[in-house]
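Chain by chain, the residues run as shown.
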Amino acid sequence: MLSVTDSQKIGIGLTGFGAFFLFLGMVLLFDRVLLAFGNLLFISGLSFIIGLQRTFNFFFQRHKIKSSGFFFSGILIVLLGWPLIGMLVETYGFFLLFSGFFPVIINFLRRIPVIGSLFNIPVINKFAEKLEGQHPMV
């Protein structure tokens, strides 16, 4: 069984609150303050979970510079006052950054009893297979 340190528990909480504030900011018609606060909590939670050095290495790998640029530019655009455009740019960067994890996430979701049966629906199965084949984790 994996042991989770106290700082990782704090990181999980910060990341969860960050996702909640991002969701709330989008529901409340792209409220700039909630989106900025959600971004700050998400990045700080990620730093607590995997550590500062590994977070820096994750975002600034040579092949991820473009996607990190989109992600951080989106955050900056949100802070400058254009939340809708900023969230679109940030979402594109987020998708590029974390697309390598999609096969792992889909395989995990297929093993959950209720959610796994949803992947038997032809449209969802085709979409999931397309995501899985896009970026294999090697």
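Now for a look at the structure at hand. This one's a predicted model, so the numbers in the text were calculated from it and none came from an experiment. (Residues numbered from 1 in each chain as written. Predicted model: local features only at pLDDT ≥ 70, side-chain atom pairs only at ≥ 80, totals over all residues. Heavy atoms only, no water.)

Regarding the overall build of the protein
Spelled out, the test is: Numbering of helices and strands starts at the N terminus; helices are DSSP runs of H or I of at least 4 residues and strands are runs of E of at least 2. The buried label goes to any residue with under 20% of its type's maximum accessible area, the exposed label to any with over 50%, and the partly exposed label to all in between, with areas taken from a 1.4 Å probe on protein chains only. Here the open area of atoms and residues is found with the Shrake-Rupley method and a 1.4 Å probe, where only the protein chains shown may cover a residue. In this tally, Lys and Arg are treated as positive and Asp and Glu as negative; His is ignored, and so are the chain termini. Every charge is mapped onto a representative atom, which is NZ of Lys, CZ of Arg, CG of Asp or CD of Glu.
Each helix and strand counted, the protein has eight helices and zero strands in total. Of the regular secondary structure in the protein, the N- to C-terminal order runs α-α-α-α-α-α-α-α. Principal axes of the C-alpha set define a box for the protein whose edges measure 45 × 35 × 30 Å. Burial analysis of the protein (138 residues in total) assigns 30% to the buried set. On the protein, roughly 9,500 Å² of surface is accessible, and the fraction owed to carbon and sulfur atoms is 74%. Charge separation in the protein, taken as the distance between the mean sites of 10 positive and 5 negative side-chain charges, equals 8 Å.

Things to note about a nonpolar patch on the surface
As a reminder of what qualifies: A patch is a set of surface residues, each over 30% in relative accessible area and not in a salt bridge, joined within 9 Å for like charges and within 5 Å for the nonpolar side chains Val, Leu, Ile, Met, Phe, Trp and Tyr. Definition used for salt bridges: Asp or Glu carboxyl oxygen within 4 Å of a side-chain nitrogen of Lys or Arg.
Taken together, Leu 76, Leu 80, Trp 82, Leu 84, Ile 85 and Leu 88 make up a surface patch of nonpolar side chains, about 670 Å² in accessible area. Put simply, the parts of the chain that give the nonpolar patch at least two residues each are helix H4 (65-80) and helix H5 (83-98). Sorting elements by how many residues they give to the nonpolar patch places H5 first, with three residues.

Focus on the packing of H4 against H5
The condition that has to hold: Only C-alpha atoms enter the line fits that serve as axes; for helices the fit covers just the stretch in contact. Angles between N-to-C directions range over 0 to 180 degrees. Convention used here: angles under 35 degrees read as roughly parallel, angles over 145 as roughly antiparallel, angles from 65 to 115 as roughly perpendicular, and any remaining angle as oblique. Working rule for handedness: look at the near helix, and if it is turned counterclockwise from the far one by less than a right angle, call the crossing left-handed; if clockwise, right-handed. The contact rule is simple, with two residues in contact once any of their heavy atoms fall within 4.5 Å. All amino acids are sorted into three groups, where Ala, Val, Leu, Ile, Met, Phe, Trp, Tyr, Cys and Pro are nonpolar, Asp, Glu, Lys and Arg are charged, and the leftover types, Gly among them, are polar.
Relative to each other, H4 and H5 sit at 160°, their axes nearing to 7 Å. When the axis of H4 is compared with that of H5, the two are roughly antiparallel. In this structure, H4 crosses over H5, and the sense of that crossing is left-handed. Contact residues: H4 offers Lys 66, Ser 67, Ser 68, Phe 70, Phe 71, Ser 73, Gly 74, Ile 75, Ile 77 and Val 78, while H5 offers Pro 83, Ile 85, Gly 86, Met 87, Val 89, Glu 90, Tyr 92, Gly 93, Phe 94, Leu 96 and Leu 97. Taken together, the residues of the contact of H4 with H5 break down into 13 nonpolar, six polar and two charged.

As for unusual backbone geometry
Of note in this structure, Leu 29 is not a glycine but carries a positive phi near 55°. As for its position among the elements, Leu 29 is in the loop between helix H1 (6-27) and helix H2 (32-50). Of note in this structure, Phe 30 is not a glycine but carries a positive phi near 55°. We classify Phe 30 as partly exposed; its relative accessible area is 26%.

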